[in-house]
Amino acid sequence: MSMTMSRGGRWAAIAGLGVAAALSLSACAPPGSSTEEPTTPSEENATGTLKVGFLSPTSGNFAIAGQEMLDGWNLYWEENGDEAGGVTVETIAEDDAGNPETALTKAHKLVEQDGVDIVVGPLIASTASAVAQYTAPLGIPNLHPVAASNDMTQQNWNEFTVRVGSMGGTQSTYPGGVWAATEGGYKKAVTLCHDYSFGWESCAGFVQGFVENGGEIVQQIWAPNTTTDWAGYASQVAAADADIIFVATAGGAPGPGFLTSYLDLGQPIDKLMLNCCAADQGTLRAMGDRIIGLKSVSYWAEGRDDPATKEFVDSYIAKTGEVPGAYIAGGYMTAALLAQVLDEKGLVTGSDLVDAITSYTFEDSIFGKVSWDEYNNTIMPVFVREVEKGEDGLLYNVPIAEYDDVDQWLGKGAPADVTAIVPYDQTHQGL
Amino acid sequence: MLIAQQVINGLAFGATLFLLASGLTLVFGLMRIVNMAHGAFYMLGGYIGIVVSALSGNLLVGLIAAIAAVAVLAFIVEVGLLRFVRGQELPEVLLTIGVTFVVADICLWIFGGDPQQLPAAVRPQGSFTIGDFTYPWYGIFVIGVAAVIGIALAVVQTRTRVGAIVRAGVDDRETIQAMGINIRWVFTGMFVVGAALAAIGGTIGAGRQPILQGVQNEVLLYALVVIIIGGLGSIAGAAVGSVVIGLIDVFAKTYIPELSYFTVFLPMALVLVIRPQGLFGKAA
Amino acid sequence: MSNPATRVTPVVRPSTGLIPAGVPGSGGGFWRSRWMQVAGLALVFVVGLLLPYLGTNSFTVSLTSTILIAAILASSVNFLVGEGGMASLGHGAIAGAAAYGAGWASKQGWDVGMQVVVALAVTLVVSFVYAVLSMRTSGIYFLMVTLAVGMLIFGLASKYSTVTNGDTGISNVARPEFLSEYWTYYYFVFGAFVVATAVLWVVRQSPFGASLRGIRDSESRMRSLGYSVAWYKVGAFMISGVIAGLAGLLSVWHTHFVSPTSTGVERSVLLIVMVILGGIGTTMGPLIGATVVILIENVLSSYVDRWQLILGLVFILVILFARAGVAGSIAKLVRRIRRRRGSAPPGGPSGPEDAAEAVLSNHPA
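Note that the structure is predicted; figures quoted are calculated from it, not measured.

Quick notes on the domain arrangement of chain A
Residues and elements named next belong to chain A. Splitting chain A by domain gives domain 1 (46-167 + 308-379) and domain 2 (170-298 + 382-402). Computed over C-alpha atoms, the centres of domain 1 and domain 2 are 27 Å apart. The partner domain 2 presents 16 residues to the 19 residues of domain 1 that form the contact. Buried surface at the junction of domain 1 and domain 2, both sides included, amounts to about 1,300 Å², of which 53% is carbon and sulfur.

Now the structure itself:
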């Protein structure tokens, strides 16, 4: 066995040498490392180009949402040309597959290899969180067209992360609860939400709005993220002693899944109120005329009777034959906002860009009047909507009530220490 | 009323699982292959079933189209790929994993990322009411389809020559080969039948839960749990396992939602440790 | 007691069982016949060492760190599959659990040393659970058990949000101060990869490794020789688990982030893909496999939409035509050339390519 020993010994020696070499080398920095932070963009962009890194899940379970977000963004530049205020906007789009590790790697590539000035996206909460913690210390603005996690503009807020085309989960559902208890005249509610942070936050918003206005929550049901079979939940909500059923899920399959099971039971559509994503256009297309009259609450209402909205909706229909949902609107809004800011200020990057955005009030955006609060979150209208069939035979979410200037503190003012906010969960709903 | 509804919900979910698990367990029983592409067959069958039923306005036409398409795919996979690795457990499993990647991406390419469901026009609508118990017809329809197929499989297995060959092949592959039966085509046939069952599951299932990217992994996991608990190779096991998992899943979600994720995988782990051949599987 | 679930289909393999991987024979002959392998290793080593100085930018270096971490994790899977014949779909969850341990410690505000302690503790516990649950199974049942336990860990990561922060994941995990630069971290990871590979190599050459291979080739024979097969498998799993845990810790320090996706089954499937692509049982196989998969996932995907299709096709082709993977096929080729030249004995020593044969053919239990 002496062979083994000396072989083993030889390998151990090599390994040891390697480690020693590694340690000694680490004493002197390699040439590329002095610019560990990418060169300040303004030096590179003297020619007037703003490089945008666009991250979204165009493959995997969230492919449709990721693709729509990108499509909305691209649509704006196709319609209006990719120049604004003398600045050319160059987009480099990457697929993060809904996976945080991939999203981070792609973010690294966009920032370190492609030298982008800003990062737009990604979409899924875990990926958004991972990327934001990377871009912020580098001073790279991170704009979020669709992401809806509360903490991004609350406990984990930072100077460079801005929500631009959507709202926090709680912020967008709160007016729904208010409306249900007041104008809607409902007294008892049962909630069915996805059992993770987005679901908890969305339910918390409705619950607070409803209870603060005299309503009573009889039961709260939480459905796992991976639920594909909604029949059991439909039975549960139907059996609950409530006159309104609030359902909040992430976009995609859950909306049609739940609605199919619910309607199959012969239950009435007007007992339901859904959140933005459960009643998005994807659901409307999948369900068809069966859900005419379905109520929901969201910051996006494609049936809104407003010139900017109509123009956007019409051009999207002309291009694809489909009505744009919230993901497309978010992407488009982000592009439109960027164009407005560049028009006003010329080429700005870094914290200048963030300041320019957050101090701007976008009066006639497709969402209505949008402004920003001190934690880089949006303040904009929220609509209670109902599904109607348009003259063109397509289904639209049309506003039946509007709440203006909804902020993330629900009109109650910001807490003293934002970083100490306790996140919502199944038991802590803010009551 | 809620409990009665949940029972049928559980059975309906179990019915979809059975359609999926029966194909998987048959293929394993005869060919010792765990076909990880089974979920992809379900997904493809679902998409095609939806698209063709929407175009033709008829569920049966959609179903036949789905079965045909997936059967062709399965035939190609079996003859073109799996035959090269016949008898080698791990490569077979790995090959089917590769097939899943390919089929899933092609589905994304062709059908896009939107979740899709059977159009309302083609599926049985409405619900029936007895006293104050209401239940949708579609759930009963799914249970019915699964029951019919289950019975058909049992009859074929026990009363036909083909079934006898299959049973003999499960028990002792070498001997029936020695008896001159061309085992290769029996294998191919079984693989195609298994895939066809998955396609039926996909199309019928698409009436209750949407088909979209990612569904291939979700349903595969559930099917694996069912066949492990029921016993690899046993139709009766697949039936019992499907019912058990379907009911456990629904009732856990209703009454102990915090633990609902574990109520499915914990039994699987326990069965594997305590009685690996499952409830109805054969001890080697 | 043989596992009732595994069918023993007797397969006769020549030169099987107890031959240790490694060569009997004279000293000079060993190095001569292995010079290609050593040269290859040395080349990789030198390139790796000099990478940050070769004019690469920080992204390339950090991507290479990602590859090395994946290679460490793939090595742990490779060890278990190659030496023990146990293909696991649960290693992603072991690494993920270790990452969560460190992440949780970081959230508590504890220092880096405590992160390591917690990560190690979690790794040992999780590996032990896997090992004990799976020790009496093999083949496809082993695969299913590891899958089931992995899903349970994924479920915990997703649901137990007071500890794990649920689906949003834990962010801003602190890395040791002296490793905060991207290139110093790269060297740390590189060193860890060398050490992990060396450790696994030493275990392979040891009597323990030999016994494992015996178990891989025929469990019943080893049992009849008096070996306590189940506990050997537990030992193998523990070793593999610790390496996986190391990869998990390195990963959370690399990205400062951990989420349930790291523990999911998709990750574990990709690990198996890496191991097969690279070559089961080879030393460099995991690195090659990790490089191919990570490059396809992260670089090819920037240029080609259908990258998942390509990954699937590549995988299928490798299984069909190059079972021994890249490293294994190269070794086979070299041996064939050498045999033609007559410089190696026929029916020669078993090497990595035989590991592939043993595992990917019928491996009787």
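There is more to say after this.
With respect to the sheet that holds strand E6 (residues 161-163) of chain A
Residues and elements named next belong to chain A. Read across the open sheet, the 6 strands follow the order E2-E3-E1-E4-E5-E6; overall the sheet is mixed. Two strands close off the open sheet at either side, each with one partner strand: strand E2 (83-84) and E6. Bridge count for E2 against strand E3 (residues 87-95) is 2 bridges, and the pairing is antiparallel. Within E3, the position partnered with Ala 84 by the bridge is Val 87.

Considerations on the interface of chain C and chain B
Taken residue by residue, the interface counts 46 residues in chain C and 45 residues in chain B. Across the chain C to chain B interface the summed buried area is about 4,000 Å²; carbon plus sulfur atoms make up 76%. In this structure, the connection of chain C to chain B is made through 1 salt bridge. One salt bridge in this structure joins C:Arg306 and B:Asp105, with 3.1 Å as the shortest N-O distance. Listed by contribution, the elements that provide at least two residues to the side of chain C that touches chain B are helix H5 (139-159), helix H11 (265-278), helix H13 (307-321) and helix H15 (352-360) of chain C. At 14 residues, H5(C) tops the list of elements feeding residues into the side of chain C that touches chain B. For the side of chain C that touches chain B, the residue count by class is 30 nonpolar, 11 polar and 5 charged.

Looking at a nonpolar patch on the surface
Residues and elements named next belong to chain B. On the surface, Ile 3, Val 7, Leu 11, Val 243, Tyr 255, Ile 256 and Leu 259 cluster together into a nonpolar patch covering about 550 Å² of accessible area. Of all the secondary-structure elements, those providing two or more residues to the nonpolar patch are helix H1 (2-31) and helix H10 (235-255). Broken down by element, the nonpolar patch gets its largest block of residues, 3 residues, from H1. Assignment of secondary structure puts Leu 259 in the loop between H10 and helix H11 (262-274).

Things to note about the packing of aromatic side chains
Residues and elements named next belong to chain A. Enumeration according to the criterion identifies 36 aromatic pairs over all chains in this entry. Judged by centre distance (5.4 Å) and plane angle (15°), the ring pair of Phe 206 and Phe 210 falls under stacked. Within this pair, Phe 206 and its partner Phe 210 are both found in helix H7 (residues 197-212), separated by 4 residues, close to a single helical turn. By the burial criterion, Phe 206 is buried, and Phe 210 matches it.

Digging into a positive patch on the surface
Residue and element names in this part refer to chain C. Taken together, Lys 332, Arg 336, Arg 339 and Arg 340 make up a surface patch of like positive charges. Relative to the helices and strands, Arg 340 is located in helix H14 (residues 325-341). Note on Arg 340: relative accessible area 68%, which makes it exposed.

Here we look at the pairing of strand E8 (residues 216-223) of chain A
Residue and element names in this part refer to chain A. Pairing of strand E7 (residues 188-194) with E8 involves 7 bridges; the strand directions are parallel. Bridge assignment links Thr 191 to a residue of E8, and that residue is Gln 220. Running through H7, the crossover from E7 to the neighbouring parallel element E8 is right-handed.

Thoughts on the confidence of the model for chain A
Counting all residues, the mean pLDDT for chain A is 87, and 89% of those residues have values of 70 or more. Across residues 34-47 of chain A, where pLDDT falls below 50, the model places 15 contacts with residues more than four positions away in sequence or in other chains.

Side note on the nonpolar core
Of all hydrophobic cores here, the largest spans 200 residues; its most connected members are B:Leu224, B:Phe265 and C:Met144. The dominant element in this core, judged by the number of residues it contributes, is helix H2 (residues 58-84) of chain C, at 15 residues. Contact partners of B:Phe265, with chain neighbours within four places excluded, come to B:Leu221, B:Val225, C:Ala148, C:Met151 and C:Leu152. The next biggest cluster of nonpolar side chains, apart from the first, holds 85 residues, and it includes A:Val89, A:Trp300, A:Ala336 and A:Phe367.

Considerations on the environment of C:Gly342
Residues and elements named next belong to chain C. Take Gly 342: it is sitting in the loop between H14 and H15. A relative accessible area of 55% means that Gly 342 is categorised as exposed. Spatially, the C-alpha atom of Gly 342 lies 25 Å from that of Leu 41, the residues being 301 residues apart in sequence.

Quick look at the state of the cysteines
All names here are of chain A. Under the criterion given, the structure shown has 1 disulfide over all chains. Paired through a disulfide, Cys 193 and Cys 203 show a sulfur-sulfur distance of 1.9 Å. Judged by the sign of its S-S torsion, about 80°, the bond between Cys 193 and Cys 203 is right-handed. Residue Cys 193 is located in strand E7, and its partner Cys 203 is located in helix H7; the two are separated by 10 residues in the primary sequence. You can call Cys 193 buried: its relative accessible area is 1%.

Structural notes on H13(C)
With 15 residues, H13(C) extends 21 Å between its outermost C-alpha atoms, agreeing within 8% with the 21 Å of an ideal straight helix rising 1.5 Å per residue. Burial in H13(C) covers these residues: C:Trp307, C:Gln308, C:Leu309, C:Leu311, C:Gly312, C:Phe315, C:Ile316, C:Val318, C:Ile319 and C:Leu320.

Thoughts on unusual backbone geometry
Cis geometry is adopted by the peptide bond preceding A:Pro122, which originates at A:Gly121 and carries an omega value of -5°. Inspection of the secondary structure assignment puts A:Pro122 in the loop between strand E4 (118-120) and helix H5 (125-135). In this structure, A:Asn376 is a non-glycine residue whose phi angle is positive, near 65°. On the secondary structure map, A:Asn376 appears in the loop between strand E13 (368-372) and strand E14 (378-389). In the Ramachandran plot, C:His256 falls in the positive-phi region, its phi being about 60° despite a non-glycine side chain. Looking at the secondary structure, you find C:His256 in the loop between helix H10 (229-255) and strand E2 (257-258). Here C:His256 falls in the partly exposed class, since its relative accessible area comes to 26%.

Let's talk about the pairing of strand E1 (residues 127-130) of chain B
All names here are of chain B. Relative to strand E2 (residues 133-136), E1 is paired through 4 bridges, and the arrangement is antiparallel. Paired with Ser 127 across the strands is Pro 136, a residue of E2. Hairpin connection between E1 and E2: a loop of 2 residues separates the two successive antiparallel strands, and Gly 131 in this loop has a positive phi of roughly 65°.

A closer look at the pattern of salt bridges
Residues and elements named next belong to chain A. What the rule picks out here adds up to 25 salt bridges over all chains. The partner of Glu 94 in a salt bridge is Lys 109, with the nearest N and O atoms 2.7 Å apart. Here the residue Glu 94 occupies a position in strand E3, and Lys 109 occupies one in helix H4 (residues 100-113), the gap between them amounting to 15 residues. For Lys 109, a relative accessible area of 7% puts it in the buried group. Among the charged side chains, a salt-bridge network with shared partners connects Glu 94, Lys 106, Lys 109 and Asp 114.

Structural notes on the packing of helix H2 (residues 38-56) of chain B against helix H9 (residues 215-230) of chain B
All names here are of chain B. Where H2 meets H9, the axes come as close as 8 Å, and the angle between the chain directions of the two elements is 125°. Classified by the interaxial angle, the pair formed by H2 and H9 is oblique. In this structure, the crossing between H2 and H9 has a hand that is right-handed. On the side of H2, the interface is formed by His 38, Gly 39, Ala 40, Tyr 42 and Met 43, while H9 contributes Val 215, Gln 216, Val 219 and Leu 220. For the contact of H2 with H9, the class distribution of residues is 6 nonpolar, 3 polar and no charged.

Topic: the environment of A:Gln408
Residue and element names in this part refer to chain A. Here Gln 408 shows up in the segment after strand E15 (395-406). Between the C-alpha atom of Gln 408 and that of Val 354, which follows or precedes it by 54 residues, the distance is 19 Å. Once residues within four sequence positions are removed from consideration, Gln 408 is found in contact with Thr 153, Gln 154, Gln 171, Asp 373, Tyr 375 and Asn 377. A polar contact is formed between the side chain of Gln 408 and the side chain of Gln 154, at a distance of 3.2 Å.

Basis of the calculations
- Residues numbered from 1 in each chain as written.
- Chains lettered and ligands numbered in written order.
- Predicted model: local features only at pLDDT ≥ 70, side-chain atom pairs only at ≥ 80, totals over all residues.
- Heavy atoms only, no water.
- Domains from an automatic or database assignment.
- Contact = heavy atoms within 4.5 Å.
- Buried area = accessible area lost by both parts, 1.4 Å probe.
- Pairing = 2+ DSSP bridges.
- Helix = DSSP H or I, 4+ residues; strand = E, 2+ residues; numbered from the N terminus.
- Salt bridge = Lys/Arg side-chain N within 4 Å of Asp/Glu carboxyl O.
- Nonpolar A, V, L, I, M, F, W, Y, C, P; charged D, E, K, R; others polar.
- Patch = residues over 30% accessible without salt bridge, like charges linked within 9 Å, V, L, I, M, F, W, Y side chains within 5 Å.
- Areas by Shrake-Rupley, 256 points an atom, 1.4 Å probe, with all protein chains shown as cover.
- Phe/Tyr/Trp six-rings, centres within 6.5 Å; stacked < 30°, edge-to-face > 60°.
- Buried < 20%, exposed > 50% of the residue type's maximum accessible area, 1.4 Å probe, protein only.
- Lys, Arg positive; Asp, Glu negative; His and termini not counted.
- Charge placed at Lys NZ, Arg CZ, Asp CG, Glu CD.
- Right-handed = clockwise from strand over helix to strand, strands pointing away.
- pLDDT = per-residue confidence, 0-100.
- Core = buried A, V, L, I, M, F, W, Y, C linked by side-chain atoms within 4.5 Å.
- Disulfide = S-S within 2.5 Å.
- Expected span 1.5 Å × (residues − 1).
- Axes fitted to C-alpha atoms, helices over the stretch in contact; angles between N-to-C directions.
- Parallel < 35°, antiparallel > 145°, perpendicular 65-115°, else oblique.
- Left-handed = near helix turned anticlockwise from the far one by under 90°.
- Polar contact = N/O pair within 3.5 Å; in protein donor to acceptor, adjacent residues only side chain to side chain.

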